[in-house]
Amino acid sequence: MSTKVLSDKKLDITEVFQSIQGEGHYSGIPCSFIRLTGCNLLCKWCDTTYAYKNGESLEINDIINEINIFNNELVEITGGEPLLQDNVYDLIDYLHQNNNRVLLETNGSLFIDRVPEYVHIIMDIKTPSSGGYTEGYLKNLPIIKKTDEIKIVISNYNDFKWALNMCLDNNLFDYFEKPILVQPAFGILNEQDLAAWILDSKVFFKLGIQLHKYIFGEHVRGV
Ligand code: SF4
């Protein structure tokens, strides 16, 4: 992979690292991660509170150079909430020019209309009890691609029922090519309970676990 065009535009970055992708459709695959600083929500079980502030201002060309050292085709832009920084669209463009397969994890509160078609979006919809609930995802449902992914973190049975009804009401099980990912809030809900609810529901849910936490540990950063 080579950088064809360099950009001195800057982004506030919390960390750039490589790991095994721990979540979603690409789970288990080597992936480089670019974690942007700042978030507009305050989820109760947020496991990346360190990304709220104190990022380092980096030029996009320096970020791309770090990505090229890892040399993974798959690159995920995450946060925090990456769409809060306008220069993220330049980063996306340069990663695409760099021949990376680009994943974007967003909390769904901001409009995704400027995200290019070639980006694989993982929209992490927050439940009402999460502390980060917003109706922003509703304006994104009409434009998100059917090849993208929805993820919902579940902390209790009320969350699960809300997720089930929300997906049924918005026809999401039929729309998306991939199953809707429901993931237990780590350390709050056990996988067995969520598995039982999924089995009862008879819909196209997929139980997600945060694979990286099982491999590297719960509190390890940069993995
Ligand atoms: S949206 Fe993500 S980064 Fe922001 S508070 Fe919620 S879990 Fe944390």
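Below you will find a few notes about this structure.

1. Observations regarding unusual backbone geometry
- The omega angle of the peptide bond from Gly-79 to Gly-80 is 10 degrees, so this bond is cis rather than trans.
- Here Gly-80 is to be found in the loop between β4 (74-78) and α2 (88-97).
- Phi at Asn-99 takes a positive value of approximately 70 degrees, unusual for a residue other than glycine.
- Here Asn-99 lies in the loop between α2 and β5 (101-106).

2. Comments concerning the packing of helix α4 (residues 157-169) against helix α6 (residues 191-201)
- Packing of α4 against α6 brings their axes to within 11 Å, and their N-to-C directions diverge by 35 degrees. Seen along the crossing, α4 lies across α6 with a hand that is right-handed. Residues Tyr-157, Phe-160 and Leu-164 of α4 form the contact with α6, whose participating residues are Leu-194, Trp-197, Ile-198 and Ser-201.
- Residue composition of the contact of α4 with α6, grouped by class: 6 nonpolar, 1 polar and no charged.

3. What about the site of the ligand?
- Taken together, Cys-39, Leu-41, Leu-42, Cys-43, Cys-46, Thr-48, Tyr-52, Gly-80, Asn-107 and Lys-126 make up the full set of residues adjacent to the ligand.
- In terms of residue class, the shell around the ligand is made up of 6 nonpolar, 3 polar and 1 charged.

Thresholds applied
- Residues numbered from 1 in each chain as written.
- Predicted model: local features only at pLDDT ≥ 70, side-chain atom pairs only at ≥ 80, totals over all residues.
- Heavy atoms only, no water.
- Helix = DSSP H or I, 4+ residues; strand = E, 2+ residues; numbered from the N terminus.
- Axes fitted to C-alpha atoms, helices over the stretch in contact; angles between N-to-C directions.
- Left-handed = near helix turned anticlockwise from the far one by under 90°.
- Contact = heavy atoms within 4.5 Å.
- Nonpolar A, V, L, I, M, F, W, Y, C, P; charged D, E, K, R; others polar.
- Near = heavy atom within 4 Å.

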